[in-house]
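# Structural overview for review
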Amino acid sequence: MKTDALVSVVIPAYNSEEYISGCLEATISQTYSNIEILIVDNGSDDSTVDTCREYAERDSRIRTFSVLKKGVSVARNFGIDNSNGKYIVFFDSDDRPERDLIENYLNALEEWQNKTVALVTCGMFFDNIFYRNVLDKVSILESQSGFIEGENYLLKRNYAAVLAWLKLFNFVTNKIYDNDVIKHHGIRFDEYVNIGEDLKFNLDYLNKCEGYIGMINKPMYHYIKRTENSLSFTYHESDVEDTKTIYRRFLDWESQQKGVTEDNLLVIKSIYITDWISRLSTMSDYYKENGGARSVIGKLSSEVGCNEFQSMLKQVYKAKKISTIRYMALRTRRYEAFCLLREIYQKMKK
């Protein structure tokens, strides 16, 4: 490796006392050592800050900060503002990177130094600790499509749809970005949305720079599911509309990419449907917990019954991107039918 560029690692943290040590151990042990580590505590009321300070005393590359409890986007933006690296990566305190992740990023960038590369992403481990009957998964470009595990690939930007299908595009934690681009264009995480902020950041970033999407086709970042979906405990009234806004934008962006296919757009529509339903399920769970389920059942049914939802539902079913039983439940335009199916599925996972 020829480069000696400084890489900034931004780690937002909130009440992470039980697992932040795993993330920090993997970060300080990176095989590429020219890094700065910015831990931004987001108002923790446990021993997270103490743990971070202990690590900072051991490793001079670590800087710790504290911000008011205003969400992960505020913490990440604070990290950007205080970063000095040529490149920047974002880790989450409850996840874990492979120890050679940053080295692999920089090796790939060096391999493609004569090409224009917007960002580099990698495959992911999806480690499931919470659900007993849900297996861990690995997500990389698939061999049936001609890709080889362990190889690096330059992908045209329309391939964002495929990466999104594989759950690799919407995250920021499995990517390395050009920090000069971010700072020059003032790209920041939207602090006013609680859903889809990673996807919005990626689209904002790609709109400001040209080039391929680099792909390291091996899993190198562990996304660890430790608890039940936390969204059910942090429901916001704007979540459904924010989800629709970001996926409409994603569809519009994808449609403008060179080489885009109808299947690319159908893939995004199927993800859009899935996330739309997920937000409705979160709303339903929130109101059940707070004794107001009947008050929102009409809104839930009107959402799945609206023309936009039903039109996309038909398209993704015709393209065989949704199961028949799920399709039939949603085609009734009655949320109760889907809710019953979902309750059965949730019980099977536990």
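Read on for an overview of the structure. In this text the structure is predicted, and so the values were computed from the model without any measurement.

## Some points on the overall build of the chain
Looking only at helices and strands, the chain features 13 helices and 10 strands. A globule of 350 residues ought to have a C-alpha radius of gyration of about 20 Å, and the chain, at 21 Å, matches this closely. Across its three principal axes, the chain shows a C-alpha extent of roughly 60 × 50 × 40 Å. Taking as baseline every contact in the chain between residues at least 6 positions apart, the subset at least 24 positions apart corresponds to 80%. As presented, the chain carries roughly 16,600 Å² of accessible surface, and 48% of it is formed by carbon and sulfur atoms.

## Remarks on the nonpolar core
Membership of the largest hydrophobic core comes to 99 residues, with the highest contact counts inside it found for Phe-169 and Phe-250. Among the elements that take part in this core, helix 9 (residues 262-289) stands out by supplying 11 residues, more than any other. With residues near it in sequence (within four places) discarded, Phe-169 still touches Ala-160, Leu-163, Ala-164, Lys-175, Leu-199, Asn-202, Leu-203, Leu-206, Ile-213 and Phe-250. The next biggest cluster of nonpolar side chains, apart from the first, holds 5 residues, and it includes Leu-38, Phe-65, Val-67 and Ala-75.

## Thoughts on the environment of Ser-73
Tracing the chain through its elements places Ser-73 in helix 3 (residues 72-81). What Ser-73 contacts, discounting residues up to four positions off in sequence, is Phe-189, Asp-190, Glu-191 and Glu-197. Within the structure, the side chain of Ser-73 is placed 3.5 Å from the backbone oxygen of Asp-190, a separation counted as a polar contact.

## Some thoughts on the packing of aromatic side chains
Tallied over the full model, the rule gives 24 aromatic pairs. Arranged with centres 5.4 Å apart and planes meeting at 20°, the rings of Phe-169 and Phe-250 form a pair that is stacked. Of this pair, Phe-169 sits in the loop between helix 5 (160-165) and strand 9 (175-178) while Phe-250 sits in helix 8 (residues 239-255), placing them 81 residues apart in sequence. Phe-250 carries the same exposure label as Phe-169, and that label is buried. Here the aromatic rings of Tyr-317 and Tyr-327 are separated by 3.8 Å at their centres, their planes lie at 0°, and the arrangement is stacked.

## Description of the pairing of strand 2 (residues 35-41)
Of all the 7 residues making up strand 2, 7 are buried; the element is thus mostly covered by neighbouring parts of the structure. Side chains of strand 2 alternate between two faces, with Ile-35, Ile-37, Ile-39 and Asp-41 and Glu-36, Leu-38 and Val-40 buried alike. Handedness of the crossover is the feature at issue here: the chain leaves strand 1 (residues 7-13), passes through helix 1 (residues 20-28), returns alongside strand 2, and the resulting connection is right-handed. Both strand 2 and strand 3 (residues 62-66) contribute to a ladder of 5 bridges, which runs parallel. By the bridge assignment, Asp-41 is partnered in strand 3 with Ser-66. For the handedness criterion, the β-α-β arrangement of strand 2, helix 2 (residues 48-58) and strand 3 is classed as right-handed.

## A short note on the side chain of Asp-239
Among the structural elements, Asp-239 can be located in helix 8. Within the buried core, Asp-239 has no salt-bridge partner, and the shortest N-O distance to an opposite charge, that of Arg-279, equals 5.5 Å. Among residues more than four places away in sequence, those in contact with Asp-239 are Asn-194, Ile-195, Thr-234 and Arg-279.

## Things to note about the packing of helix 8 against helix 9
Direction vectors running N to C along helix 8 and helix 9 enclose 175°, while the axes themselves pass 9 Å from each other. The angle between helix 8 and helix 9 places the two elements in the roughly antiparallel class. Of helix 9, the residues touching helix 8 (which contributes Asp-239, Val-240, Thr-243, Lys-244, Tyr-247, Arg-248, Phe-250, Leu-251, Glu-254 and Ser-255) are Asn-264, Leu-265, Ile-268, Lys-269, Ile-271, Tyr-272, Asp-275, Trp-276, Arg-279, Leu-280 and Met-283. Residues of the contact of helix 8 with helix 9, tallied by class, amount to 11 nonpolar, 3 polar and 7 charged.

## Let's talk about unusual backbone geometry
With phi around 60°, Lys-320 is a residue other than glycine that occupies positive phi space. In this model, Arg-333 sits at a positive phi of 65°, which is unusual for a non-glycine residue. Given the relative accessible area of 36%, Arg-333 is considered partly exposed.

## Quick word on the side chain of Asp-92
Within the secondary structure, Asp-92 sits in the loop between strand 4 (87-90) and strand 5 (96-97). A distance of 3.1 Å separates a polar atom in the side chain of Asp-92 from a polar atom in the side chain of Arg-76. Ignoring sequence-local partners within four residues, the contact set of Asp-92 consists of Ile-11, Pro-12, Cys-23, Arg-76, Thr-173 and Tyr-221.

## Thoughts on the packing of helix 7 (residues 197-206) against helix 8
Taken N-terminus to C-terminus, the directions of helix 7 and helix 8 make an angle of 30°; their axes are 10 Å apart at the nearest point. Helix 8 is crossed by helix 7, and the crossing has left-handed handedness. Two secondary-structure elements touch here, helix 7 through Leu-199, Lys-200, Leu-203, Asp-204 and Leu-206 and helix 8 through Ile-246, Tyr-247, Arg-249, Phe-250 and Trp-253. Its residues assigned to classes, the contact of helix 7 with helix 8 shows 7 nonpolar, no polar and 3 charged.

## Re the environment of Tyr-317
Topologically, Tyr-317 is positioned in helix 11 (residues 307-318). Along the backbone, Tyr-317 and Asn-42 are 275 residues apart, and their C-alpha atoms lie at a distance of 42 Å. For Tyr-317, the residues in contact, after removing those within four places along its chain, are Ile-322, Ser-323, Thr-324 and Tyr-327. Among the polar contacts listed, one links the side chain of Tyr-317 to the side chain of Thr-324, at a separation of 3.2 Å.

Cut-offs applied
Residues numbered from 1 in each chain as written. Predicted model: local features only at pLDDT ≥ 70, side-chain atom pairs only at ≥ 80, totals over all residues. Heavy atoms only, no water. Helix = DSSP H or I, 4+ residues; strand = E, 2+ residues; numbered from the N terminus. Rg over C-alpha atoms; globule rule 2.2 N^0.38 Å. Contact = heavy atoms within 4.5 Å. Areas by Shrake-Rupley, 256 points an atom, 1.4 Å probe, with all protein chains shown as cover. Core = buried A, V, L, I, M, F, W, Y, C linked by side-chain atoms within 4.5 Å. Buried < 20%, exposed > 50% of the residue type's maximum accessible area, 1.4 Å probe, protein only. Polar contact = N/O pair within 3.5 Å; in protein donor to acceptor, adjacent residues only side chain to side chain. Phe/Tyr/Trp six-rings, centres within 6.5 Å; stacked < 30°, edge-to-face > 60°. Right-handed = clockwise from strand over helix to strand, strands pointing away. Pairing = 2+ DSSP bridges. Lys, Arg positive; Asp, Glu negative; His and termini not counted. Salt bridge = Lys/Arg side-chain N within 4 Å of Asp/Glu carboxyl O. Axes fitted to C-alpha atoms, helices over the stretch in contact; angles between N-to-C directions. Parallel < 35°, antiparallel > 145°, perpendicular 65-115°, else oblique. Nonpolar A, V, L, I, M, F, W, Y, C, P; charged D, E, K, R; others polar. Left-handed = near helix turned anticlockwise from the far one by under 90°.

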